[in-house]
Amino acid sequence: MEAEAATVVQPLISIAPAVQNNINAKFIMLDKGRAATVEGNTKTTCLSLVADDTASVHFQLWGDECEAFEPADILLLSNGIFSSSTGRSNNNRHHHHVLRAGKRGKAEKVGEFAMVFVETPNLSEICGILIQMIPQSMCSRL
């Protein structure tokens, strides 16, 4: 709990996609998907849904994080990043914004069960909708 006192947390509703590891937030994990191995990589990854009292967002777990955290855990993220990952399904390009610790950040369990949260808005979904509104000619620059 010492790290919590030293870190000034921001509400999830205030985060925006960026290339910097500058997000410090506290949230509860609501749901966690199955762990899977990424093609061409030896590390496992899983996607979870986390929330605080302002918004929810998809939180990507890598490697040992997949086993370390479970739904109902309250997590403190230090120096996290909210960024876009691009993928393809049915030959359509899609963008998905996820919050993650990244190489420079750290996620740690600081409690469980007792935290007020909201499920909407889901910032990962909102960012995806906004990206879809951008003309195709501009998407290659994203």
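Predicted model only: the values in this text are computed from it and were never measured.

Structural notes on the nonpolar core
Right, on to step 1. Membership of the largest hydrophobic core comes to 21 residues, with the highest contact counts inside it found for L12, F27, F59, L77 and L99.
Right, on to step 2. Of all elements in the fold, only β1 (23–32), β3 (44–51), β4 (56–62) and β5 (73–89) reach the threshold of two or more residues within this core.
Right, on to step 3. In terms of residue count, β1 provides more of this core than any other element does, 4 residues in total.
Right, on to step 4. Sequence-distant contacts of L99, defined by excluding residues within four places in its chain, comprise L12, I15, I23, F27, V57, H58, F59, Q60, L77, I81 and F82.

Notes on the pairing of β1
Right, on to step 1. Within β1, 7 of the 10 residues are buried, leaving the element largely enclosed by the surrounding structure.
Right, on to step 2. As paired strands, β1 and β3 are joined by 4 bridges and run antiparallel to one another. Its bridge partner being in β3, K32 is matched across the sheet by S48.

Some remarks on the environment of F113
Right, on to step 1. Turning to its location among the elements, F113 is positioned in the loop between β7 (106–112) and α3 (123–132).
Right, on to step 2. According to the relative accessible area criterion, F113 is exposed, its value standing at 62%.
Right, on to step 3. In this structure F113 touches I28, A72 and I74, once residues within four positions along its chain are discounted.

As for the side chain of D52
Right, on to step 1. Here D52 lies in the loop between β3 and β4.
Right, on to step 2. Lacking a salt bridge, the buried D52 has K26 as its closest oppositely charged neighbour, with an N-O distance of 11 Å.
Right, on to step 3. Excluding residues within four positions of it along the chain, D52 makes contact with Q10, P11, L12, K26, F27, M115, V116, F117 and V118.

Things to note about the environment of I81
Right, on to step 1. With respect to the element layout, I81 can be found in strand β5.
Right, on to step 2. Separated by 65 residues in sequence, I81 and A16 have C-alpha atoms that sit 9.1 Å apart.
Right, on to step 3. Contact partners of I81, with chain neighbours within four places excluded, come to A18, V19, Q20, N21, I23, V98, L99 and R100.

Describing the environment of I28
Right, on to step 1. The residue I28 is located in strand β1 in this model.
Right, on to step 2. Take I28: its relative accessible area is 4%, and that puts it in the buried class.
Right, on to step 3. The residues contacting I28, other than those within four sequence positions of it, are L49, V50, A51, A72, D73, I74, F113, M115 and F117.

Thoughts on the confidence of the model for the protein
Right, on to step 1. For the protein, per-residue confidence averages 77 on the pLDDT scale, and residues scoring 70 or more make up 73% of the total.
Right, on to step 2. The spread of mean pLDDT over the elements of the protein runs between helix α4 (residues 136–139), the lowest at 42, and β1, the highest at 93.
Right, on to step 3. A low-confidence stretch, residues 87–94 stays under pLDDT 50, and its non-local contacts, those more than four residues away or across chains, total 12 contacts.
Right, on to step 4. Segment residues 127–142: pLDDT under 50, and 14 contacts once partners within four positions in sequence are set aside and those in other chains are kept.

Conventions adopted
- Residues numbered from 1 in each chain as written.
- Predicted model: local features only at pLDDT ≥ 70, side-chain atom pairs only at ≥ 80, totals over all residues.
- Heavy atoms only, no water.
- Core = buried A, V, L, I, M, F, W, Y, C linked by side-chain atoms within 4.5 Å.
- Buried < 20%, exposed > 50% of the residue type's maximum accessible area, 1.4 Å probe, protein only.
- Helix = DSSP H or I, 4+ residues; strand = E, 2+ residues; numbered from the N terminus.
- Contact = heavy atoms within 4.5 Å.
- Pairing = 2+ DSSP bridges.
- Lys, Arg positive; Asp, Glu negative; His and termini not counted.
- Salt bridge = Lys/Arg side-chain N within 4 Å of Asp/Glu carboxyl O.
- pLDDT = per-residue confidence, 0-100.

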